[in-house]
Structures are given as C-alpha cells and as structure tokens.
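Each chain, letter by letter, is given below.
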Amino acid sequence: DAGWCLSSRCQYLFYSGRSLEGLQMEISTCIDILSQLNLESIRQGVLPFLLTVTKLRGVDVADDDCMDFEVMLKVASETGNTLNRGRTLFLQLELLSIFQEWERASELLIEAGNLRRSALGGFLGVRFTALDALISLKAAQTSPLVERMKWKRRAKKSMKLLRSWAKNGNVNVVHSIHILSAELAVLEGKGKKAEQNFKLAVKVAARNGFLQDKALAHECAKTYYSAKGDNFWADFHHKGSQEAYFDWGAKSKVEEPKRQKRRDHL
C-alpha cells in the first residue's frame, strides 16, 4: 500500500547518494504523511532513517522523545515488530561503521543477531551482509588468534553470499566486495592485493553513485596506509574521504577530525 511504498522509498533513497539535506526533508515529509494516515507502525520504521540522517548532518531534531535509538528499540520490542527492530539496529551499525567505531560495532553485531532475517529480502538484507563482513574483518584484525579465526570465518561466509549475488547480476554489491577483499588482504598481510582492491572500491563506488561508500573506501584505505607509515597515500585517501562525505552532506563526519584534534590537546 501507500505506506509501505513511502517507507521503501526512504530506505532506498538513503543509499542513492542523494544529499542528506534533501533526504532529511523528504523523510520528514514522509513521516508527516504516515502520521496523517495513522500508519504508526510504518512511521516507526522510518524514524530511524531520519535520526541517522540528522546525526550525520550534525543537526538537532525536533524535541521528540521518540527520536532516540533506545526508545525506538523499546517500542519495537513492546509491539513485537522485528522489522522495525532490525532497521533500528542496522542503522546503528551503519553509523558506527561510518564513524569507525569498530569495537562497539562488533559488540552490537553480536547483540543484534542475524538481521538479514528481518529484512524481508530487501536491500537492507544485502547491506547488512556487507556490513556484517566488514565489521567482522575489522574485529579480526585486532583480535587474538582464536577470536580472529572466528571473525574471519564469519566475514568469509557473508562475502561468499555477496559474491553469489554479484555473479547473478547484482552490480550494486561489487564495490562492497572490493572493500571487503581489501580488508581481508590486510588481515592476511597481502599488501599489494589490499591496495589494488582499495583502489577498485573507490573507483567502482564513485562510478555507480554510492557516494557514502566511496568515502568509506577512502577512509579504510587511509587507515591501512597510516598503519604502514605511508603518509602520502594516507593523506590522499583522507582528503578523498573528507570530500566525499562533504559532498554527501555528512557535516558531523567531516568535522570529526577537528573535534579529535581538540580532544587531543586537552
């Protein structure tokens, strides 16, 4: 029906590379319409997208007690709505990945369970699979041997799914596969392969219009080059990441390095 169409539109627009400012306006309008139609369950499923966008933009939202992830999870739990629970947890994972908070992301990934089951075969299920693999690889890179192998197996399982979808014609996962292949190569100490895949990830994400993933690929590459002491390429990818996030409208993310510098000087 109309409510589900509006909800799906907000979901897909979030990954379209559209400016966050315009996206916030459209999602807010969608929420108002759903309120008028008295479609509260569907409205609750759209609220996490609005909250995610405002956090990325670094703007305040209206004084609404519902605009909090914990409140959204509580409502989803009380109403038994697994779809809304999944969306809320998924978007928290998305934010943690964008802000490179990998330890908390891995903890939430375990707490959340298999969110793919609540995605009803939509793009969120595909996106969760990519995030599951990325967070798992990042966790593996900083874990002792036994835990590292567990995280690596989990990542490779999700990567296998993504590759099967790409083989069947889903071009929207190709850049994600390159990011994951690069991070797997980092884990395995295969520097040349990592660098080749980071380069391809940036190129394919840009060509296919995934602006936020172009930024993510740049930032993952920056982390890799920084760790090996290559300041030239680290600075190059940092600049690329900042430019892509700026173009997307993620002001909070762009200003993060400045906030970190101020904290370091305290």
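Residues numbered from 1 in each chain as written. Predicted model: local features only at pLDDT ≥ 70, side-chain atom pairs only at ≥ 80, totals over all residues. Heavy atoms only, no water.

Caption draft 1: Seen up close, the overall build of the chain. Counting its secondary structure elements, the chain contains 14 helices and 0 strands. Listing every helix and strand of the chain by position from the N terminus yields α-α-α-α-α-α-α-α-α-α-α-α-α-α. Taken over the C-alpha trace, the chain has a radius of gyration of 18 Å; the compact-globule value for 266 residues is 18 Å, and the two agree within 12%. For the chain, the accessible area works out to roughly 13,500 Å², and carbon and sulfur atoms hold 53% of it. (Helix = DSSP H or I, 4+ residues; strand = E, 2+ residues; numbered from the N terminus. Rg over C-alpha atoms; globule rule 2.2 N^0.38 Å. Areas by Shrake-Rupley, 256 points an atom, 1.4 Å probe, with all protein chains shown as cover.)

Caption draft 2: How the structure looks around the side chain of Ser-158. Its location among the elements puts Ser-158 in helix α8 (residues 145-167). Take Ser-158: its relative accessible area is 3%, and that puts it in the buried class. Within polar-contact distance, the side chain of Ser-158 engages the side chain of Asp-132 at 2.6 Å. Each residue touching Ser-158, except ones within four places of it in the same chain, is listed here: Arg-116, Thr-129, Asp-132 and Ala-133. (Buried < 20%, exposed > 50% of the residue type's maximum accessible area, 1.4 Å probe, protein only. Polar contact = N/O pair within 3.5 Å; in protein donor to acceptor, adjacent residues only side chain to side chain. Contact = heavy atoms within 4.5 Å.)

Caption draft 3: The arrangement of the pattern of salt bridges in detail. Tallied over the full model, the rule gives 15 salt bridges. In this structure, Arg-104 engages Glu-107 in a salt bridge whose closest nitrogen and oxygen atoms are separated by 3.6 Å. Of the two residues, Arg-104 and Glu-107 are both situated in helix α6 (residues 102-112); the distance of 3 residues between them amounts to about one turn of the helix. With a relative accessible area of 33%, Arg-104 lands in the partly exposed category. (Salt bridge = Lys/Arg side-chain N within 4 Å of Asp/Glu carboxyl O.)

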